[in-house]
Amino acid sequence: PGASYVNLAGYALSDATTEHVLSAAGSLAGPFGLLLPPRGHLLLHHSADKVSNGGISAHYDLDGDLSLTGEVTLVLSDPSGAVVDVAHFDATSATLADASMALPNPWVDNGAPGAWVTSSKVYGLAGLRGTPKRRNFDVLTGVPDPSCPTAGPDSCEAPVCDFDSQCALQPT
């Protein structure tokens, strides 16, 4: 999350064996398909086939480049090669055949063991599970943003702080 758009063209996603550089050629949403809006989401999928993604149109086609099976470590690097983020999760569970992985706490290290869980929200065709193009509302734990003030005149009196450090009620 941030206050500005991020152009992901030239960023790279890599796993243990493959690197996929995001480019306009893979965009399924036109020339602005790789612009990540503030607090927004982009759906990157292994295929441009809408049916294989539960009837949801992806923003970007990874063309099957990354293998997301077993113990997975995904690395996001910027165009200069600097690592932006690393996510580690276990995709060996049989329940993942029709479900995505989600972070129940967006403030934890997403590379930490146990940080990821299987999505529970059913969507689209064939009972797939996940929250494509949306926040992981099905698994959020309601923990506050660490930068949210908890004491003093600007403290948050709502149950949690939203992703922009503003007071917000936890979605139900």
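Before reading further, recall that the structure is shown in the block above.
Since we're looking at a predicted model, the values are computed, not measured.

Participant: Would you explain the overall build of the protein in this entry?
Facilitator: Assigned secondary structure in the protein consists of zero helices and 14 strands. Counting from the amino terminus, helix and strand elements in the protein follow one another as β-β-β-β-β-β-β-β-β-β-β-β-β-β. Considering only residue pairs separated by 6 or more positions, the protein has 44% of its internal contacts joining residues 24 or more positions apart. Carbon and sulfur atoms make up 56% of the accessible area of the protein, which amounts to about 9700 Å² in all.

Participant: Help me understand the nonpolar core in this model?
Facilitator: Core analysis: the largest hydrophobic core is formed by 13 residues, its most contacted members being L22, L62 and F89. Of all the elements in the fold, those that place two or more residues in this core are β7 (70-77) and β8 (83-91). Residue contacts for L62: discarding those within four places in its chain leaves L13, H20, L22, L44, H45 and H46.

Participant: Sorry, what's going on with the pairing of β8 here?
Facilitator: Across a regular strand the side chains alternate sides, sitting on one face of the sheet and then on the other. Relative to β8, β7 runs antiparallel, the two sharing eight bridges. Residue pairing for β8: L74 is matched across the bridge by A87. Once β7 ends, the chain turns through five residues before running back antiparallel as β8, passing G81 with a positive phi of about 95 degrees.

Analysis parameters
Residues numbered from 1 in each chain as written. Predicted model: local features only at pLDDT ≥ 70, side-chain atom pairs only at ≥ 80, totals over all residues. Heavy atoms only, no water. Helix = DSSP H or I, 4+ residues; strand = E, 2+ residues; numbered from the N terminus. Contact = heavy atoms within 4.5 Å. Areas by Shrake-Rupley, 256 points an atom, 1.4 Å probe, with all protein chains shown as cover. Core = buried A, V, L, I, M, F, W, Y, C linked by side-chain atoms within 4.5 Å. Buried < 20%, exposed > 50% of the residue type's maximum accessible area, 1.4 Å probe, protein only. Pairing = 2+ DSSP bridges.

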